[in-house]
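Listed here are the chains, written in short residue letters.
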Amino acid sequence: MFSQEEIDTHRERLEQVVSTVHHYAALIFVLTFVGYGVAVYLWFQGQPWAGLIVATFSYLFFRQFRSLSIGLARMKLRDREGFAETWTLLDEAMKSERPQAVLLAVESRLRAPRGEQG
């Protein structure tokens, strides 16, 4: 998916992208479960339909967490110098693979010791 040269060239920016995506994914995860908590609260307050609607929206929000976290990371990092080439590299990989697979591949290549990268 990525050559060692591409990883080395974009290492700093890829690390920043992965970190930012994880940050937003964790935020979305927390917000989702806050939404579930609100839904349960509404349910026990005698408003089952409102609770069901909040729970449904929380679920739909959570289902989009990967693409949403990548989109938010892209918005945050788009104006920084050098990130255009990094996003182009990631976009090319995401044309043939799912975003989760691409990020997993990038993260494993970044964390692997130099001798184990292939």
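Residues numbered from 1 in each chain as written. Predicted model: local features only at pLDDT ≥ 70, side-chain atom pairs only at ≥ 80, totals over all residues. Heavy atoms only, no water.

On to the pattern of salt bridges, then. Inspection of the entire model under this criterion finds 5 salt bridges. Between arginine 74 and aspartate 91 there is a salt bridge, with its nearest N and O atoms 2.7 Å apart. Note that arginine 74 is positioned in helix H3 (residues 65-77) and aspartate 91 in helix H4 (residues 83-96), a separation of 17 residues in sequence. Using a relative accessible area of 28% as the deciding quantity, one classes aspartate 91 as partly exposed. With a shortest N-O distance of 2.9 Å, arginine 111 and glutamate 107 are connected by a salt bridge. One end of the pair, arginine 111, and the other, glutamate 107, are both in helix H5 (residues 99-111), 4 residues apart, so they sit about a helical turn from each other. Given the relative accessible area of 14%, glutamate 107 is considered buried. (Salt bridge = Lys/Arg side-chain N within 4 Å of Asp/Glu carboxyl O. Helix = DSSP H or I, 4+ residues; strand = E, 2+ residues; numbered from the N terminus. Buried < 20%, exposed > 50% of the residue type's maximum accessible area, 1.4 Å probe, protein only.)

Below, the discussion takes up the nonpolar core. Considering soluble globular proteins, one finds that nonpolar side chains tend to be buried as a cluster. Counting 20 residues, the largest nonpolar core has Phe2, Val17, Trp87, Leu90, Val102 and Val106 as its most contacted members. Looking at this core, the elements that each hand over two or more residues are helix H1 (4-44), H3, H4 and H5. Apart from residues no more than four positions distant in its own chain, valine 102 is found in contact with Met1, Phe2, Leu90, Ala93, Met94 and Glu97. (Core = buried A, V, L, I, M, F, W, Y, C linked by side-chain atoms within 4.5 Å. Contact = heavy atoms within 4.5 Å.)

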